[in-house]
Amino acid sequence: TIEATAAPTAAVTKTATPAVSISANAGDEIIEMDRMRKMIAERMVESKHTSPHVTSFVEADVTSIVKWRDKVKNEFQGRENEKLTFTPIFLEAVVQAIKDYPMINISVDGDKIIKRKNINVGMAVALPTGNLIVPVIHNTDQYNLVGLVKKVNDLANRARDNKLLPDELA
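What counts and what doesn't
- Residues numbered from 1 in each chain as written.
- Predicted model: local features only at pLDDT ≥ 70, side-chain atom pairs only at ≥ 80, totals over all residues.
- Heavy atoms only, no water.
- Helix = DSSP H or I, 4+ residues; strand = E, 2+ residues; numbered from the N terminus.
- Salt bridge = Lys/Arg side-chain N within 4 Å of Asp/Glu carboxyl O.
- Buried < 20%, exposed > 50% of the residue type's maximum accessible area, 1.4 Å probe, protein only.
- Phe/Tyr/Trp six-rings, centres within 6.5 Å; stacked < 30°, edge-to-face > 60°.

**Comments concerning unusual backbone geometry**
For Asn139, which is not glycine, the phi dihedral falls at a positive 55 degrees. By secondary structure assignment, the location of Asn139 is in the loop between β8 (136-137) and α4 (145-160).

**What to know about the pattern of salt bridges**
Pairs may arise between side chains of opposite charge once their charged atoms sit close together. A complete count under the given rule lists six salt bridges for this structure. A salt bridge links Arg79 to Glu75; its shortest N-O distance comes to 3.2 Å. Of this pair, Arg79 and Glu75 both sit in helix α2 (residues 63-80), four residues apart, which is roughly one turn of that helix. Given the relative accessible area of 54%, Glu75 is considered exposed. Connected through shared salt-bridge partners, Glu75, Arg79, Glu80 and Lys150 make up one network.

**Describing the packing of aromatic side chains**
Scanning the model with the defined rule gives one aromatic pair in all. Ring geometry for Phe86 against Phe90: centres 6.1 Å apart, planes inclined by 20 degrees, an arrangement best described as stacked. Placement of both Phe86 and Phe90 in helix α3 (residues 86-100) is noted, with a separation of four residues, approximately one turn of the helix. According to the relative accessible area criterion, Phe86 is partly exposed, its value standing at 28%.

Okay, here's the thing in structure tokens:
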């Protein structure tokens, strides 16, 4: 058998993540990760170390949002030369929720709670390879809806073209 060792990721907490030995079987292909996949893997490991992972489902009737968007999207695109998707609409709602309930914008550091001043929101973007990447809109609360539309479209396009800057992924 062929032995492949996973390279340890950068330490994201005060304790280092131990290297894990992964064995490959005969006929398995070992592919070196490109920069984007390495960054995605690092962010996923960092996320597991810094955020509780839970799943929660809440149903919401967004019929009025769908109807409003359908009514204004053509005029919006003509005026702003940008496509109005649901993502910036939901981002605007997330920002308002964080403003209304600032204790959801926290991090935990041991036994301390860090209440964040800045509202930075990640948005998932599907890549042509089938992978997802999550660029971050820093200071999301500083944008109005038009600004969010432009930022979301710009980040999504540059994500798909592999042109994001490292700080847009942190």
